Structures are given as structure tokens and as C-alpha cells.
Amino acid sequence: MAGMDHAPPPFFKRGPAPLALLTFYIAVSLAIFVVDLRVKSLDLFRQSIALVVDPVQRIAQTPGSLVDYAAGYLRGLKELQQENSDLKHAQLSTAPNLQRLAQLESENERLRKLLSVKEREKASGQVAQILYTARDPFSRKVIVDKGQQAGITAGQPAIDEAGVVGQVTRVFPFSAEVTLITDKSQAIPVQVVRSGQRSVVFGLGNGQLELRYMPANADVQVGDVLVTSGLDGIFLPGFPVAKVVNIERDSAYSFARIFCTPLAGVENFGELMVLDPRSPLPERPPEAAGRGEIKEGQRVKKKRAAKTN
Amino acid sequence: MQPTFTSSRILLPVRPWFIFLSLIVAALLNFLPTAHWPGMPDWVALVLCFWSIREFRRVGMGWAFILGLLMDVADGAVLGQHCFAYVLLAYIASSLSRRLLWFPLAQQALQVLPLLLGTQVLQALMRLAVGADFPGWGYFVGPLVATLLWIPLTFVLLLPQYQPVEQDPNRPI
């Protein structure tokens, strides 16, 4: 009878049952899905995988960029001359403003000092090349060719020659992911240039932006330009973001629906500038004294109640 | 009438490096700039489905999980999105494989369509559930194109396993 206890010899080696394996893998993938979405603590894991995937992806993108390069090379001389003369013309037309900019800036600085207002921060950054757009169809992101090696950190704003493009959301060793302002999860605090009204602009996911939480009678017109307000402590104030194209005022709702299009060439390929992070904002003032006192009073009352009991 | 088993030719055993190579090439095809064109199939899902049906002892859920992780990172998607869909695809494909291979190729393709479409729908549901925006119906055209590619894909991926036409009578296999 002792022989009955022995397991049969492993003639046919079989791993765990498929259903058990399936349960295991599904549990793991759901777990990392939730953790990546909510806790965002898998960045190092993602970076280490990206270290392998990133070079391969760049190689796969080379045929396209080679074609672009060849097309650029073969572009007619005449076209380039035309572009050159246009640029010279544009430079000349902006020259009067630009030449006085240095003087204006120093004057502004002096006046601010006289008013004892904090000095304006100067914008600086580094130019990065857009490598490709991320394949994920549920979001709007591009990958640029500078990463941790160039000192880029998550949260830095990205602009192009016309306005704000987006914000760096993930950083890999040699590349970084920029979420465009048209992404559904992206929001930027803005200011209407004409009226100075502050609000927040949200991406809609279809290439447009929406200015939310503006009352139905708000002073916003079609054609108004929105610039960053800088209240977030991330974007410097004054960068153009979007232009209002359509306003739906319905008295049934307390808010107007205001649609805007981005000013920057958000969906175009090319170069962008990743701005250096801003110096931290001054700390929040301590909470109002009155509220604190009330709390203190309540606590005292409770203590008294406890004593009487 | 018995269904005709068109692949009655005896195939040579598959070489593991060829499976590996084909999966890498599929991933490369996904990384190409053409991936943004409407109706481009998810090559990794297609090749993974093929091998899980043909060689479920070699390509299984482990491979599906690793490829899913790679695609998640490469796409900039949420980690686990492709993993979940690919693992489920590999499991269903391998459990269907004994039945599926009895059908002619066109009918195989018809049965593969719900698998590939399900992979895509599952990913869309996962992302929509956590607040992503709808990617448009073009996202679901990819599996239809992939279904059309099933017959040529089978031909290409089985090429190294076909036997030469002139056979040595002394060595039948």
C-alpha cells in the first residue's frame, strides 16, 4: 500500500493548468494597469523597458525621416530663396519692436523695482526634436529626442514658435513624452488677453480646446486670444495658448460652452522648445486666523462636554 | 461530408528562432510610422494569434504578456492594457486551436476575426472606463484588415516548414 502514496513519474511534463496561468497573468496585468493609472509608481519599470524599446523604435522611424530629409534636400532652390526673402522681410517688419525690446525690458524691470513688485522670470529652455507621435490612439502625445540625459524632468512646459504645445509627462533616459494641450487629460490655467479674465482651458481630444467654468454672460468674444496666466507655477505667464472660435450661450446652463483652437502647431512635426522649470512660487499664506479660532473653540467645548459627562 | 483538411501536407517542425524572429518583425511593423494610417492591423496581435493557434506549446500566455508590456511602453499607453488583451487572446486562440486547424483557411480567417476584434474592443473598453476619449471607428477597422491578411500570413509564416516538392523516396519525411 505504500506505493500508492507515490506520485506518478513525470513522463509528460506539464506546467500549471492553462486556466490557472490565465488567472495569474490577468491578475498581474490588471494590477499593473490600476497601479500605473492611479499610483504612478511604475516609472522606473517603464523606463527600464523603454531602454530596450526606444532604440528599436528609433530605427523603425528612420525610413520616414530619411524620406523627409530627401524631400527637403530636393526642394527647389527657388522655393528656398523665396522663403529666405520672406523671412528677411518678416525680420525687418518686427525689427522696430525687437530693437526696443531690450530697452523696454530694462525699463519694465526698473519700474517694477520702483513699485517693489517681484521681477518677471525670464524664459529659457532647450530645443528638442519631435521624433514621432505615440501610437496610442486614446491620447495625444509626442516623443522628443531629449530625456534625462539632457536634464529634462516631468512637468516642464513645451512651446513652439507660435505658442504652448504641451507639457512633459514622462521622461526616459534618452527621450521624453510630451502630452499635447489637445489631450483630454491636459488642462492649462489661462487668461483672456482682452478682458484679463482668468479661467482654465481643457483639451477635448479632437484637436480642439474648451474654456470651462465661464458664466453664460462672461465677456468672451470669438477671436479672443488666451495666454497662460502662470497661476499654476508651471507655465510662465503670457505664452499664447489658444484662440476662441465658437461660443454657445444657452440660458438653460449656467456656463457658456466656449471652444478654442490651439495657436501652436500642435499636431505638426518639427522642433519644439522645452522650457526650464519655473522657480518655485512663494509659499501659501497660513490659513486665516478666524477659522483656527473657531476650531479651537469647538475643541474646548468638546472638552468641557467630556468633563461634564 | 468530412471537412477537407487542406493543410494535409506534412510540415517540417517549426524552428523556435523563426517564431521569435516573426514576433520581433511584427513589433517592428507596429513601430513604423505607418501605424497611424487608418485600418493598419495590430501586427503583434495577428502574429501572436497565428502562433498560439499553430504552436500553442511554444507560444503561450507568457509570450503574450511580455509582448504586451513592450507594446504598452512603446505606445505610451497605460501599462497592462495590451498585456491583458494579448494574454486573453493567446488563451482563447490556444484553446480553439485543435478545432480551428480543421477548417480551410478562409473559414479560419472568419473565426479569427472575433478574436482580433475582441482584443481591440477590450483595450478600448479598458481605456474608456478610466476616462480616455473615444478613438473613432477607424480603430476597429484594423482587425478586419488583419482578417483579410490571414491567408497570406499563413503562407508566409509556414514557408520555412514546407517540404521540397521533389522528395527523396528513401527519406519520406
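Rules of the game
- Residues numbered from 1 in each chain as written.
- Chains lettered and ligands numbered in written order.
- Predicted model: local features only at pLDDT ≥ 70, side-chain atom pairs only at ≥ 80, totals over all residues.
- Helix = DSSP H or I, 4+ residues; strand = E, 2+ residues; numbered from the N terminus.
- Rg over C-alpha atoms; globule rule 2.2 N^0.38 Å.
- Buried ≥ 20, exposed ≤ 12 C-beta atoms within 10 Å, placed from the backbone.
- Contact = placed C-beta atoms within 7 Å.
- Pairing = 2+ DSSP bridges.
- Axes fitted to C-alpha atoms, helices over the stretch in contact; angles between N-to-C directions.

A.B. asks: Before we move on, could you go through the overall build of chain B and cite the residues and values that matter?
C.D. replies: Helix and strand content of chain B: seven helices and zero strands. In chain B, the succession of α and β elements from N to C terminus is α-α-α-α-α-α-α. Here chain B has a C-alpha radius of gyration of 17 Å; the compact-globule value for 173 residues is 16 Å, and the two agree. Oriented by its inertia axes, the alpha-carbon framework of chain B measures out at about 65 × 35 × 30 Å. Counting only residues that meet the buried cut, chain B has 40% of its 173 residues in that class. Here the analysis covers contacts within chain B between residues at least 6 apart in sequence; of these, 71% occur between residues at least 24 apart.

A.B. asks: Give me the lowdown on the pairing of strand β11 (residues 257–262) of chain A, citing residues and values where you can.
C.D. replies: Residue and element names in this part refer to chain A. Residues Ile258, Cys260 and Pro262 of β11 are buried on one face, while the alternating residues Arg257, Phe259 and Thr261, pointing to the opposite face, are not. Note: strand β8 (residues 209–212) against β11, three bridges, orientation antiparallel. When the bridges of β11 are listed, glutamate 210 appears paired with phenylalanine 259. Here strand β10 (residues 240–248) runs beside β11; their pairing, made up of six bridges, is antiparallel. Pairing of alanine 242 across the sheet is with proline 262, part of β11.

A.B. asks: Could you give me a rundown of the sheet that holds β8(A), with the residues and numbers involved?
C.D. replies: Residue and element names in this part refer to chain A. Spatially, six strands are ordered β6-β7-β8-β11-β10-β9 in a closed barrel, and the strand pairing comes out antiparallel. Recorded for the sheet is a direction-independent mean angle of 40° between the axes of neighbouring strands. The pairing of strand β6 (residues 187–192) with strand β7 (residues 198–203) spans five bridges and is classified as antiparallel. In the sheet register, glutamine 191 faces β7, and the bridge partner there is arginine 198.

Any functional reading would require information that these geometric values do not contain.
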